Amino acid sequence: MIIMELRSLKYFQAVYDKGSISAAAKTCFVSQPSITAAIQQLESLLSITLFIRHARGVLPTAAADKLYPLAKDIAENTHSIYHLFSDTPQPVSLRLGIMRSLGAKRMSLFIKQITEKIDNLELTLVDPEEPCDIRVVLAHTVTSQESFIPVWRDEYQLAVPVSWSMANQKRVSLSQLDALPFIHRAPCDALNKLKSAMVNESALFQHRANIRTIEYAWQLVSTGIGAALLPNWQEIKEAEGIQLLPIEGLHLVKHIGVAYNTNKANTPFVLAVNAICKEGDNA
């Protein structure tokens, strides 16, 4: 009676699918010698040759073609048996790309809503430029292969310390921004538009500090270090030491939402996001 390890059949299946030993090793998270040894074990037990090596990988033999569907069935049945007697529900993996300027409070609420909609969710947060299932991004960054669900609308205004006399105004003009000490945050396309508008008005943009996050920017404004261009988030409007003012003649708005590959419209996480958006305002 021939006894074959399930692991050897798994490695064989990976080599057959990938067409190379190295690719199979990466897929199975093992070393190439481990894959080679498993294939050699199967070939010795069955007295057959499974693959023919060539410069770019391996080619399956007729014997490998016969073994492959059987090995695949064994793997699927093993998977079914394991889950049949497992009390632990399988996690639903979700890679969520989050843009930097979403805001910690809003991001936390959004993630909480998703976890409440999807049972056994296993969530991994990544940058939106990395491979992911769904992305929280600006509307204008959505690709032609993606669909977009609008969720938030951010209006950017000038944030100034309440100790400044300017804080008592209802709005500010571009000329008043000339040589005003600014907390410069990059990247920010809204700030770039403001700087261009200031150039047209011959107003000098004066850097006081350079940072990357909105959260740091409003803390610096509240301590009186300088002004900053910030979104009208509720937590910023309620923050102590800050006054938000609209800028005359300048309407700076960002539309933020969820982008996903169009062919994944019926996946659990996309359906969950759709349901969250229909339930109300997430701002």
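Residues numbered from 1 in each chain as written. Predicted model: local features only at pLDDT ≥ 70, side-chain atom pairs only at ≥ 80, totals over all residues. Heavy atoms only, no water.

### Quick look at the overall build of the chain
Cut-off, in case you're wondering: Helix and strand assignments come from DSSP, with helices taken as H or I runs of at least 4 residues and strands as E runs of at least 2, each series counted from the N terminus. Taken over C-alpha atoms, the radius of gyration is set against a globule rule of 2.2 Å times the number of residues to the power 0.38. Buried residues are those whose accessible area, probed at 1.4 Å on protein chains only, stays under 20% of the maximum for their type, while exposed residues exceed 50% and partly exposed ones sit between those limits. Any pair of residues with heavy atoms lying within 4.5 Å of one another is described as a contacting pair. Here, Shrake-Rupley sampling with a 1.4 Å probe gives the accessible areas, and only protein chains in the shown set may cover a residue. The sign given to each residue is positive for Lys and Arg and negative for Asp and Glu; His and the chain ends receive no count. Working definition for charges: the position is that of NZ of Lys, CZ of Arg, CG of Asp or CD of Glu.
Within the chain, the regular secondary structure consists of nine helices and 11 strands. The globule rule puts the C-alpha radius of gyration for 283 residues at 19 Å, and the 28 Å found for the chain is more than 25% above it. Each of the three principal axes of the chain carries a C-alpha extent, and together these read 90 × 45 × 35 Å. A buried classification covers 40% of the 283 residues belonging to the chain. Restricting to contacts in the chain with at least 6 residues of sequence separation, those with at least 24 account for 71%. As displayed, the chain offers around 16,100 Å² of accessible surface, 52% of which is attributable to carbon and sulfur atoms. For the chain, the distance from the average site of its 27 positive side-chain charges to the average site of its 27 negative ones is 4 Å.

### Regarding the nonpolar core
Worth spelling out the cut-off: Nonpolar cores are built from buried Ala, Val, Leu, Ile, Met, Phe, Trp, Tyr and Cys residues. Side-chain atoms within 4.5 Å join them into one set.
Among the nonpolar cores identified, the biggest contains 38 residues, and L158, L177, L194, W218, L229, L230 and I247 are the most heavily contacted of them. Among the secondary structure elements, those contributing two or more residues to this core are β6 (146-161), β7 (181-185), α6 (189-200), β8 (206-211), α7 (214-222), β9 (228-231) and β10 (242-245). Residue contributions to this core peak at five residues, all from α6. Excluding residues that lie within four positions of it along the chain, L177 makes contacts with L158, V172, F182, L194, M198, L204 and I247.

### Describing the pairing of β8
Definition in use: Pairs of strands are assigned from DSSP output, requiring at least two bridges between the strands. Looking down the strands as they point away from you, a crossover is right-handed if its path from the first strand over the helix to the second goes clockwise.
Where β7 lies against β8, five bridges are found, and the strand directions are parallel. Counted as the bridge partner of H184 is N210 from β8. Read as a crossover between parallel neighbours, the route from β7 over α6 to β8 is right-handed.

### Describing the packing of helix α2 (residues 21-28) against helix α3 (residues 32-46)
Here is the rule we go by: Inter-axis angles, ranging from 0 to 180 degrees, are taken between N-to-C directions of lines fitted to C-alpha atoms, where helices are fitted over the stretch in contact. Oblique is the label for every angle not falling under 35 degrees (roughly parallel), over 145 degrees (roughly antiparallel), or within 65 to 115 degrees (roughly perpendicular). Under the convention adopted here, Pro, Cys and the residues Ala, Val, Leu, Ile, Met, Phe, Trp and Tyr are nonpolar, Asp, Glu, Lys and Arg are charged, and Gly plus all remaining residues are polar.
Following both chains from N to C, one finds α2 and α3 inclined at 110°, their axes separated by 8 Å at the closest point. As summarised for this structure, α2 and α3 are arranged roughly perpendicular, according to the angle between their axes. Across the interface between the two elements, I21, S22, A24, A25 and C28 of α2 pack against Q32, I35 and T36 of α3. When grouped by side-chain class, the residues that make up the contact of α2 with α3 number five nonpolar, three polar and no charged.

### As for the pattern of salt bridges
Where we set the bar: By definition, a salt bridge exists where a carboxyl oxygen of Asp or Glu is found within 4 Å of a side-chain nitrogen of Lys or Arg.
All told, the structure shown has six salt bridges when counted by the stated rule. In this structure, E116 engages K112 in a salt bridge whose closest nitrogen and oxygen atoms are separated by 2.5 Å. Of the two residues, E116 and K112 are both situated in helix α5 (residues 104-117); the distance of four residues between them amounts to about one turn of the helix. On the basis of relative accessibility, which here comes to 52%, the residue E116 falls in the exposed class. A relative accessible area of 47% places K112 in the partly exposed class. Between K264 and D133 there is a salt bridge, with the nearest N and O atoms lying 3.9 Å from each other. Placement of the pair is K264 in the loop between β11 (252-261) and α9 (268-279) and D133 in the loop between β4 (121-126) and β5 (134-138), with a sequence separation of 131 residues.

Remember that the coordinates give geometry; whether it matters functionally is a separate question.
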